[in-house]
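These are the residues of each chain, in order.
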Amino acid sequence: MSIKSQFSSFWCDYSTERTVRVQRVWIAWIYRVLQLLLLFGYVFVYVIYVKKGYRENEEVVSSVSIKVKGVAVTNKEQHPWTWDPADYVVPPQEMNSFFVMTNFIMTRNQKQGTCPESPNFATCKTGDNCTKGYSSPRAHGVQTGRCVDFNKTLKTCEVHAWCDVEKNEAIPNPALLSAAEGFTVLIKNQVTFPMFNLKRHNIPANVTTVNLSTCIFHPKSSPHCPVFRLGDIVNQTGENFQKMAVLGGVIGIQVTWDCNLHHHTCLPTYSFIQLEGGSQSQEVAPGYNFRFSHWFMNKENITRMLIKAFGIRFDVMVSGYVSCFQNHFFFSI
Ligand SMILES: Nc1ncnc2c1ncn2[C@@H]1O[C@H](COP(=O)(O)OP(=O)(O)OP(=O)(O)O)[C@@H](O)[C@H]1O
């Protein structure tokens, strides 16, 4: 159609649809039944069943506090060493998270001074291979420019560092704190739904201190006990605690509040998910580890103990919703 005829049709013609009335009862019935099916399908299946339109989803405001208990002994034969929560929970408190050390490499009695670098970073034959003042990010210290004996057969660049530097030891397997499988954690969680002015605690009002120190969470027999065995948490993700303990990992503890205002029920359910480490570890940089140190000071000198800690970090993730018939529910359909 030319532009001229398009222009004249736009200004000169009016078009509308023609309605056909079919006077057949059965066709009218099929049409109305289909309409009703669509309406009910939308309201009951989609709005109510799929979208849970009667439920008010409200962002939950939550506070979590955590306490781990349990004791382990390492080096039982030669020099027994007892570990309690103040030693293996690092740091002592975190927000919505806690780390339990399950394995470690310990370097004792380090002092500030000069010593040979680890052969991993700076082997040398002469001082020409070492650069005074140089330090690579992976090194233990700053090179002095001298090439010194690391052992009888190997020379490395001398560094100014915490000496002697950490040895590149094999990671202990089985894990040194394998007893952590039997440790327990108390998770205290208070939630608030501000829109409903509703506050709840995961320790039910009828629980006494005696109940709390004796109960252990079990998904079927004790689903509301807030004391969890670490081994059970890991096992419920499908992982093996002892395997994960060697290189470390991260586990998610999901606390989901399902509050029904009409039935006056508001209880949390707990589920567990593997987030890092264990059988699904990637080959490069598997597990979870970091280093920390303890300093010791006396009149003459300062020494430190360096710990490369492998362990499991547990992240507590809280979510929730309130079920009630919304006042505006039927108007919103
Ligand atoms: N990880 C845990 N495993 C088992 N019981 C625990 C754990 N953490 C705390 N409890 C027990 O739960 C109760 C409440 O703990 P809370 O920390 O509020 O009290 P507390 O008297 O300061 O605890 P405690 O001095 O025993 O560490 C106490 O009886 C406590 O011993």
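A quick note: this is a predicted structure, and the numbers were derived from the prediction, not measured. (Residues numbered from 1 in each chain as written. Predicted model: local features only at pLDDT ≥ 70, side-chain atom pairs only at ≥ 80, totals over all residues.)

Just checking my understanding: could you explain the overall build of the chain for this structure?
Within the chain, the regular secondary structure consists of 7 helices and 14 strands. What you see for the chain is a C-alpha radius of gyration of 33 Å, clearly larger than the 20 Å of a compact globule of 333 residues, by over 25%. Overall, the C-alpha framework of the chain stretches about 105 × 75 × 35 Å when taken along its three principal axes. Taken over 333 residues, the chain has a buried fraction of 26%. Considering only residue pairs separated by 6 or more positions, the chain has 66% of its internal contacts joining residues 24 or more positions apart. (Helix = DSSP H or I, 4+ residues; strand = E, 2+ residues; numbered from the N terminus. Rg over C-alpha atoms; globule rule 2.2 N^0.38 Å. Buried ≥ 20, exposed ≤ 12 C-beta atoms within 10 Å, placed from the backbone. Contact = placed C-beta atoms within 7 Å.)

Looking at this structure, how should I read the site of the ligand?
What surrounds the ligand is the set K67, V68, K69, T184, V185, L186, T209, L212, S213 and V227. Mapped onto the shell around the ligand, the elements with two or more residues apiece are β2 (61-69), β8 (184-193) and α4 (209-214). By residue class, the composition of the shell around the ligand is 5 nonpolar, 3 polar and 2 charged. (Near = placed C-beta within 6 Å. Nonpolar A, V, L, I, M, F, W, Y, C, P; charged D, E, K, R; others polar.)

Please clarify how unusual backbone geometry should be interpreted in this entry.
For residues besides glycine, phi is generally negative; the peptide bonds are generally trans as well. In this chain, V90 is followed by P91 through a cis amide linkage whose omega measures -15 degrees. Look at the link from C163 to D164: it is a cis peptide, with omega at -10 degrees. Within the secondary structure, D164 sits in the loop between β7 (155-163) and β8. Even without a glycine there, the phi angle at N75 is positive, about 50 degrees.

Just to check I follow, could you spell out the UniProt feature "transmembrane region" (unreviewed entry) in the chain for this structure?
Using the residue numbers shown here, the UniProt feature "transmembrane region" (unreviewed entry) corresponds to residues 29-49. Here residues 29-49 runs as 100% helix and 0% strand, with 27 Å between its end C-alpha atoms. (UniProt positions renumbered as here; feature names shortened; annotations may be inferred.)

Can you help me understand the environment of F296 in this one?
Summarising the element assignment, F296 is placed in strand β13 (residues 289-297). Note: C-alpha distance between F296 and N109 (187 residues apart in sequence) is 8.9 Å. With near-sequence residues (within four places) excluded, F296 lies in contact with T303 and R304.

What am I meant to see in the nonpolar core here?
Nonpolar side chains in soluble globular proteins tend to be buried together. Residues F98 and V100 are the most contacted members of the largest nonpolar core, which totals 48 residues. Mapped onto this core, the elements with two or more residues apiece are β2, β5 (97-116), β8, α5 (230-236), α6 (241-247), β11 (249-260), β12 (265-277) and β14 (302-323). Not counting the four nearest positions on each side in its chain, F98 is found in contact with I66, V68, V89, V185 and F314. Grouped together as the second largest cluster of nonpolar side chains are 10 residues, C124, V159, W162 and V165 included. (Core = buried A, V, L, I, M, F, W, Y, C linked by C-beta atoms within 7 Å.)

Looking at this structure, I do not really get the pairing of β5. What am I missing?
Pairing of β5 with β14 involves 12 bridges; the strand directions are antiparallel. Bridge pairing in β14 places F99 opposite R313. Pairing analysis gives 6 bridges linking β5 to β7, with the strands arranged antiparallel. Its bridge partner lying in β7, T114 is registered against H160. (Pairing = 2+ DSSP bridges.)

Explain helix α2 (residues 25-50) to me, please; I cannot follow it from the model alone.
Two residues of an α-helix separated by three or four positions point the same way, owing to the 3.6 residues in each turn. The first and last C-alpha atoms of α2 sit 35 Å apart over 26 residues, in line with the 38 Å expected at 1.5 Å per residue. Of all the bends in α2, the greatest, near 30 degrees, is centred on G41. Positioned one or two residues after α2, K52 has a phi angle of 45 degrees, which is positive. (Expected span 1.5 Å × (residues − 1). Bend = angle between axes of the 7 residues up to and from the residue.)

When you look at the domain arrangement of the chain in this model, what are you seeing that I'm missing?
How big an interface is tends to be expressed through the accessible area that disappears when the partners come together. Domain annotation of the chain identifies domain 1 (24-53), domain 2 (61-110 + 171-323) and domain 3 (118-164). When each unit is reduced to the centre of its C-alpha atoms, the spacing between domain 1 and domain 3 is 79 Å. (Domains from an automatic or database assignment.)

How do you make sense of the environment of H224 when you look at a structure like this?
Within the element layout of this structure, H224 appears in the loop between α4 and β10 (227-229). Expressed as a C-alpha distance, the spacing of H224 and P268, which sit 44 residues apart in the sequence, is 7.4 Å. In this structure H224 touches P204 and L267, once residues within four positions along its chain are discounted.

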